[in-house]
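# Results of the structural survey
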Amino acid sequence: MVGFDPGAKEAAISPKEAVLAGSAGGMVTRALISPFDVVKIRFQLQIERVSALKPEGKYAGQFQAFRCIYSEEGLAAFWKGHVPAQLLSICYGAVQFTSFEVLTKMVYKLTPYDSRSAGVHFFCGGLAACSATVVCQPLDTLRTRFAAQGEPKVYRNLRHAVSTMWCTEGLLTFYRGLSPTLMAVYPYAGLQFFFYNVFKKWLGPSDSGGGLRSLVCGSGAGVISKTITYPFDLFKKRLQVGGFEAARARFGQVRRYSGLMDCMFQIAKEEGFRGFFKGLSPSLVKAALSTGFTFFWYEFFINLIHNVKKRQTTSEPAKD
């Protein structure tokens, strides 16, 4: 079980182990789900309606978007911004899971609440994600801009992007969209840990199929939490590309937003209620895979670390 468990047979997860497992799990997961993330971001940034029946913009549907990106930009386009995305995933996974393990242990030691309860996992999961978001937001902004740009590229590489954004837009540009991100990430991550906890308990303890159970429970938790909090993710993406309009012109209409409320009102006025859920379909696929794999790989690497430690302990010669 993810989180501090005082009744566990294994020794409690140390911060160092959580850092290693969280970062390794984030790295593997990012490599697998990157194509869905690129398509989701393209949908979120499109002003025109995304509809296969009445296409108005460049992208009309999920399969059409995959074909279009592949034919125009090549296979590598699905991993645009992969370097900052990998840095983001490694950093985010390390901070989030380490914070979560520490927070659930604090709850057990300092409060009368059960550290294994779904409610505690919601509270600690949300706080852990907020801490990871604040640390990793600049990497998320860079990832979004790389995924959003077409051809010819505005940014040649990560170093060029950082220097250009710093010189032309200032330090605060790396934190564009932070307010809607924090508003969304607490309930999103909290619900992820909450439903993961609930689903694992529903399925009951099992000595076999642990990895598959983690994948299924994580996928279900990801779909539910993403659907509930999705509009805030869209607001964040729209705000992150502010000042980047020239690179978006070839994809269709562009808009400037003065802040979160202006972004919400403009989307509601021009794109309607459905505008808040543009890119939901690839986002749900990505959320199912991302959350499922995140928990799967985290528990996989934790078990791997513990198994290695066991082997080292049993192989050590007995002292006289």
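Residues numbered from 1 in each chain as written. Predicted model: local features only at pLDDT ≥ 70, side-chain atom pairs only at ≥ 80, totals over all residues. Heavy atoms only, no water.

- In the nomenclature of an unreviewed UniProt entry, the chain corresponds to Mitochondrial thiamine pyrophosphate carrier from the organism Oryzias melastigma.
- Under the Sequence similarities (unreviewed entry) heading, UniProt states for the chain: "Belongs to the mitochondrial carrier (TC 2.A.29) family."
- Under the UniProt heading Function (unreviewed entry), the note attached to the chain is "Mitochondrial transporter mediating uptake of thiamine diphosphate into mitochondria. It is not clear if the antiporter activity is affected by the membrane potential or by the proton electrochemical gradient." (UniProt positions renumbered as here; feature names shortened; annotations may be inferred.)

### A short note on the overall build of the chain
- In terms of helices and strands, the chain carries 10 helices and zero strands.
- N-terminal to C-terminal, the α/β element order of the chain is α-α-α-α-α-α-α-α-α-α.
- Relative to its length of 320 residues, the chain is compact, with a C-alpha radius of gyration of 21 Å against a globular reference of 20 Å.
- With respect to the principal axes defined by its C-alpha atoms, the chain has extents near 75 × 35 × 35 Å.
- Here the chain, with 320 residues, has 52% of them falling under the buried criterion.
- Look at the contacts in the chain between residues 6 or more apart in sequence, and 78% of them connect residues 24 or more apart.
- Carbon together with sulfur atoms contributes 66% to the accessible area of the chain, which is approximately 15400 Å² in total.
- Each charge sign in the chain was given a centre, from 38 positive and 22 negative side chains, and these centres are 3 Å apart. (Helix = DSSP H or I, 4+ residues; strand = E, 2+ residues; numbered from the N terminus. Rg over C-alpha atoms; globule rule 2.2 N^0.38 Å. Buried < 20%, exposed > 50% of the residue type's maximum accessible area, 1.4 Å probe, protein only. Contact = heavy atoms within 4.5 Å. Areas by Shrake-Rupley, 256 points an atom, 1.4 Å probe, with all protein chains shown as cover. Lys, Arg positive; Asp, Glu negative; His and termini not counted. Charge placed at Lys NZ, Arg CZ, Asp CG, Glu CD.)

### Focus: the side chain of S99
- Following the sequence through the fold, S99 ends up in helix α3 (residues 82–110).
- According to the relative accessible area criterion, S99 is buried, its value standing at 18%.
- Polar contacts involving the side chain of S99 include one to the main-chain carbonyl oxygen of V95, which spans 2.7 Å.
- Look past the residues within four positions of S99 in its chain and what remains in contact with it is A128 and S131. (Polar contact = N/O pair within 3.5 Å; in protein donor to acceptor, adjacent residues only side chain to side chain.)

### Some details on the pattern of salt bridges
- Considering all chains together, one arrives at 17 salt bridges under this definition.
- Ionic pairing is found between E169 and R176, a salt bridge with its closest N-O pair at 3.8 Å.
- With a closest N to O distance of 3.6 Å, K236 and D233 form a salt bridge. Taken together, the residues K236 and D233, both in helix α7 (residues 210–240) and three residues apart, mark about one turn of the helix.
- For K236, a relative accessible area of 9% corresponds to the buried category.
- One network of salt bridges, with partners in common, ties together R30, D37, K40, D140, K226, D233, K236, K237 and K286. (Salt bridge = Lys/Arg side-chain N within 4 Å of Asp/Glu carboxyl O.)

### Thoughts on the packing of aromatic side chains
- One pass over the full model with this rule turns up 23 aromatic pairs.
- An angle of 65° between the planes, with centres 6.0 Å apart, marks the rings of F97 and F193 as edge-to-face. Of this pair, F97 sits in helix α3 while F193 sits in helix α6 (residues 178–203), and the two are 96 residues apart along the sequence. Residue F97 shares its accessibility class with F193, and that shared class is buried.
- Cluster of aromatic residues (ring-pair linked, three or more members): F97, F100, F193, Y196, F295 and Y298.
- Directly above the aromatic system of Y188 lies the positively charged group of K226, at a separation of 4.5 Å from the ring centroid. (Phe/Tyr/Trp six-rings, centres within 6.5 Å; stacked < 30°, edge-to-face > 60°. Lys NZ or Arg CZ within 6 Å of the ring centre and 35° of its normal.)

### Brief notes about the side chain of D37
- Note on placement: D37 falls in helix α1 (residues 15–45).
- Overall, the relative accessible area of 2% leaves D37 in the buried class.
- Those residues in contact with D37 that sit more than four places away from it in its chain are R30, R143 and K286.

### Some remarks on the packing of α1 against α3
- For the pair α1 and α3, the least separation of the axes is 7 Å and the interaxial angle reads 145°. Along this stretch, α1 crosses α3, giving a crossing that reads as right-handed. Counted together, P15, A18, V19, G22, S23, G26, M27, R30, A31 and S34 of α1 and H82, A85, Q86, L88, S89, I90, G93, A94, F97, T98 and E101 of α3 form the full contact between these two elements. (Axes fitted to C-alpha atoms, helices over the stretch in contact; angles between N-to-C directions. Left-handed = near helix turned anticlockwise from the far one by under 90°.)

### Side note on α1
- Taking 1.5 Å per residue, 31 residues should reach 45 Å; α1 reaches only 38 Å between its end C-alpha atoms and comes up short.
- Along α1, the helix axis deviates most sharply at I33, where the bend reaches about 60°; the proline P35 sits within four residues downstream.
- Burial analysis of α1 places 22 of its 31 residues in the buried class, the great majority of the element. (Expected span 1.5 Å × (residues − 1). Bend = angle between axes of the 7 residues up to and from the residue.)

### A word on the packing of α1 against helix α2 (residues 62–73)
- Where α1 meets α2, the closest approach of the two axes is 10 Å, and the angle between their N-to-C directions is 100°. Classified by the angle their axes make, α1 and α2 are roughly perpendicular. On the side of α1, the interface is formed by P35, F36, V38, V39, R42 and F43, while α2 contributes Q62, A65, F66, I69 and E73.
- Of the residues contributing to the contact of α1 with α2, the split by class is eight nonpolar, one polar and two charged. (Parallel < 35°, antiparallel > 145°, perpendicular 65-115°, else oblique. Nonpolar A, V, L, I, M, F, W, Y, C, P; charged D, E, K, R; others polar.)

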